[in-house]
2 protein chains.
Amino acid sequence: MTRGVLLDLAGVIYDGDAAIPGGVDAVARLRRAGLTVRFVSNTTRSSKQTVVERLAAIGLPVAGADVFTPAHAAREWLLRNNRAPYLLVHPSLAPDFRGLPDRGRRAVVVGDAGDAFTYAALNEASRELGKGAELLALATNRMFRDADGELSLDAGPFVAALEFASGNHATLVGKPAPEFFRSALASMGCAPDEAVMVGDDAEADVAGALRAGLSGALLVRTGKYRPGDETRFDPRPTSTVADLAAAADWIITHRDSVSGHRQPS
Amino acid sequence: MTRGVLLDLAGVIYDGDAAIPGGVDAVARLRRAGLTVRFVSNTTRSSKQTVVERLAAIGLPVAGADVFTPAHAAREWLLRNNRAPYLLVHPSLAPDFRGLPDRGRRAVVVGDAGDAFTYAALNEASRELGKGAELLALATNRMFRDADGELSLDAGPFVAALEFASGNHATLVGKPAPEFFRSALASMGCAPDEAVMVGDDAEADVAGALRAGLSGALLVRTGKYRPGDETRFDPRPTSTVADLAAAADWIITHRDSVSGHRQPS
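Residues numbered from 1 in each chain as written. Chains lettered and ligands numbered in written order. Predicted model: local features only at pLDDT ≥ 70, side-chain atom pairs only at ≥ 80, totals over all residues.

## Structural notes on the overall build of chain A
Then step 1. What chain A contains, in helices and strands, is 8 helices and 14 strands.
Then step 2. Taking 265 residues into account, the globule formula puts the C-alpha radius of gyration at 18 Å, and chain A, at 18 Å, falls close to it.
Then step 3. Scored against the burial criterion, the 265 residues of chain A give a buried share of 55%. (Helix = DSSP H or I, 4+ residues; strand = E, 2+ residues; numbered from the N terminus. Rg over C-alpha atoms; globule rule 2.2 N^0.38 Å. Buried ≥ 20, exposed ≤ 12 C-beta atoms within 10 Å, placed from the backbone.)

## Looking at the domain arrangement of chain A
Then step 1. Examined at the domain level, chain A breaks down into domain 1 (4-42 + 175-254) and domain 2 (70-172).
Then step 2. Taking only C-alpha atoms, the centre of domain 1 of chain A and the centre of domain 2 of chain A are 25 Å apart. (Domains from an automatic or database assignment.)

## Some points on the relation of the copies chain A and chain B
Then step 1. Once chain A is rotated about the relating axis by 180° and shifted along it by 0.0 Å, it coincides with chain B to within an RMSD of 0.0 Å. Expressed as a symmetry operation, the mapping of one chain copy onto the other fits a two-fold axis. (Least-squares fit on C-alpha atoms with pLDDT ≥ 70 in both.)

## Some details on the sheet that holds strand S12 (residues 195-199) of chain A
Residue and element names in this part refer to chain A.
Then step 1. Spatially, the 6 strands line up as an open sheet ordered S5-S4-S1-S12-S13-S14, and their pairing is parallel. In the strand order of this sheet, the two ends are held by strand S5 (67-68) and strand S14 (239-241), each with one partner.
Then step 2. The sheet contact formed by strand S1 (residues 4-7) and S12 spans 4 bridges and is parallel. Opposite Val5, over in S12, you have Val196 as the bridge partner. (Pairing = 2+ DSSP bridges.)

## Thoughts on the interface of chain A and chain B
Then step 1. Facing the 24 residues of chain A at the interface are 24 residues of chain B.
Then step 2. Looking at the side of chain A that touches chain B, the elements that each hand over two or more residues are helix H4 (119-130), strand S10 (151-153) and helix H5 (156-166) of chain A.
Then step 3. Among the elements that make up the side of chain A that touches chain B, the one with the highest residue count is H5 of chain A (8 residues).
Then step 4. Class assignment for the residues of the side of chain A that touches chain B results in 13 nonpolar, 7 polar and 4 charged. (Contact = placed C-beta atoms within 7 Å. Nonpolar A, V, L, I, M, F, W, Y, C, P; charged D, E, K, R; others polar.)

## Here we look at the pairing of strand S7 (residues 106-110) of chain A
All names here are of chain A.
Then step 1. Burial analysis of S7 places 4 of its 5 residues in the buried class, which makes it a mostly covered element.
Then step 2. Bridge count for S7 against strand S8 (residues 134-137) is 4 bridges, and the pairing is parallel. Across the sheet, residue Ala107 finds its bridge partner in S8, namely Glu134.
Then step 3. Considered for its hand, the β-α-β crossover made up of S7, H4 and S8 is right-handed. (Right-handed = clockwise from strand over helix to strand, strands pointing away.)

## Overview of the confidence of the model for chain A
Residues and elements named next belong to chain A.
Then step 1. When pLDDT is averaged along chain A, the result is 94; 97% of the residues meet or exceed 70.
Then step 2. Scored below 50 in pLDDT, residues 260-265 makes 13 contacts in the model with residues more than four places away or belonging to other chains.
Then step 3. Across the interface, the model reports ipTM at 0.79; the global pTM reads 0.80. (pLDDT = per-residue confidence, 0-100.)

## Topic: the sheet that holds strand S6 (residues 84-88) of chain B
All names here are of chain B.
Then step 1. The 4 strands lie next to each other as S6-S7-S8-S11, forming an open sheet whose pairing is parallel. Two strands in the sheet have a free side with no partner beyond their single neighbour: S6 and strand S11 (171-172).
Then step 2. In this structure, S6 lies alongside strand S7 (residues 106-110), joined through 5 bridges in parallel fashion. Paired with Ala84 across the two strands is Arg106, which belongs to S7.

## Things to note about the nonpolar core
A general trend in soluble globular proteins is that nonpolar side chains are found buried together.
Then step 1. Among the nonpolar cores identified, the biggest contains 172 residues, and Val108 and Ala137 of chain A together with Val108 and Ala137 of chain B are the most heavily contacted of them.
Then step 2. When near neighbours in sequence (up to four residues on either side) are disregarded, Val108 of chain A contacts Tyr86, Leu88, Ala125, Glu128, Leu129, Ala133, Leu135, Leu136 and Leu162 of chain A. (Core = buried A, V, L, I, M, F, W, Y, C linked by C-beta atoms within 7 Å.)

## Focus on helix H3 (residues 70-81) of chain A
Residue and element names in this part refer to chain A.
Then step 1. Compared with an ideal rise of 1.5 Å per residue, which puts 12 residues at 16 Å, H3 spans 16 Å between its outermost C-alpha atoms and is within 8% of the ideal.
Then step 2. Those residues of H3 that sit buried are Pro70, Ala71, His72, Ala73, Ala74, Arg75 and Leu78.
Then step 3. Those residues of H3 that are buried lie in contact with helix H2 (48-57), S5, strand S6 (84-88), S7, S8 and helix H6 (178-187).
Then step 4. At the C-terminal side of H3, Asn82 shows a positive phi close to 55°. (Expected span 1.5 Å × (residues − 1).)

## Observations concerning the environment of Leu185 of chain A
Then step 1. Residue position: Leu185 of chain A is located in helix H6.
Then step 2. Taking the C-alpha atoms as reference, Leu185 of chain A lies 9.5 Å from Leu214 of chain A; in sequence the two are 29 residues apart.

## Comments concerning the environment of Asn42 of chain B
Then step 1. The residue Asn42 of chain B is located in the loop between strand S4 (36-40) and helix H2 (48-57) in this model.
Then step 2. Spatially, the C-alpha atoms of Asn42 of chain B and Asn141 of chain B are 8.5 Å apart, while their sequence positions differ by 99 residues.

## A look at the packing of H5 of chain A against helix H5 (residues 156-166) of chain B
A pair of packed helices is captured by two measures, namely the crossing angle of their axes and the spacing between those axes.
Then step 1. Between H5 of chain A and H5 of chain B, the least distance of the axes is 7 Å, while the angle of their chain directions is 140°. Viewed along their axes, H5 of chain A and H5 of chain B adopt a mutual orientation that is oblique. Between H5 of chain A and H5 of chain B lies a crossing whose hand is right-handed. Every residue of H5 of chain B that contacts H5 of chain A at Gly156, Pro157, Phe158, Ala160, Ala161, Leu162, Phe164 and Ala165 of chain A is listed here: Gly156, Pro157, Phe158, Ala160, Ala161, Leu162, Phe164 and Ala165 of chain B.
Then step 2. By residue class, the composition of the contact of H5 of chain A with H5 of chain B is 14 nonpolar, 2 polar and no charged. (Axes fitted to C-alpha atoms, helices over the stretch in contact; angles between N-to-C directions. Parallel < 35°, antiparallel > 145°, perpendicular 65-115°, else oblique. Left-handed = near helix turned anticlockwise from the far one by under 90°.)

What follows is the structure, encoded as structure tokens:
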């Protein structure tokens, strides 16, 4: 029995500033069908406030508490563990990291910093790791679909670089970390096997959600999806569908039959 | 029976522009003892010509043919395989890559590019890999001892980043690639088990040489050496000595007893 739905954002609901056709209406249909919806994004280039504003701009008003981003999860981790961050993140994330400890034990926080990934900044981070700092990864995605339509380097390759340099193993706070999915599920009082995930990333969204125990995970053929993605990672998608509109149809149709067992696609 | 000696350069014979005390004399003693010497450097910040000039400046004139650098090995690989390079290397290596194919199948060549490791350049390299280019690593060293005395990121972490992004496995042309040691051995008509390596890198120099079949490999406590390095990688050094002068003593003393079996240290 499906009670909750986790939706990825970029590539599922919007692409850049443009809404993906039928997506906003699909969210409304899921809600009308009595399903609770949360938004789990791996964006590491937008603060939570920016995400909320972008959703409002395409006609989808949501509460900040319903949006889960890796930066927010990292902030909670740093507060919980009382660590001062060395930030290797996109400048736009600054609001999410205000008011944290600035002395004491350090943690290097790596997001998709884009052009802020200079040699000097990476080197400084590796020296912090050499002095005992922990390594926190907002995401380990390999690539993202860039404004020019091509794939560009995401945070993952730079996390791999710092792991290789230091011998440290990064703690991942974004997808596909099971804790990330579970904190979104907990916010709606939903067990993992009562929820379905929808995403365009066969590895972080789909395989990640299934490993976290969700009853189903749908791969959409929008955003960064490339033909063949559905067979590239294990576990494979419960089903692969055209877009979020088709995903909503699938979820509503199968809501009583999805119960912790993967469906044939 | 030891007939040949391979010497690392930075951290063994010189540190920056300064000769390491006793190093030049040690090379002269090895030669007077009838041993043939070749220089195998993993520098990816100096062209071969610059290396030869630096050795001359500290009083050690050597022929260019006696110096083996990863850039030179990469150049030979590119010519042999008829590949056009996309270069992610330090600007100072430009002379080593002149006159190579500029069209046709590509290979991304990664050295210690330093500040030339920008996000834009790494991203362009990952797009070349996405289009089918091969990945050639001048070196996979984690860190090097920088001008300020601290460790800085070497080429390895960036090779790891591009491997993670692309799923490609890099072909290594520098140390510890067995082919690199063997091309230096071949130039002196010496079998691997007739040669000893001396270096300050327990992983690339020492473990690498022993894996390539050399009869011995000495770790010096100069350059990037840090206490504990001698037990950090396998195989471990045949012996760990103070510096190149002590290494020369060891090699001359043990020249008849080193024969493809590791000595107790």
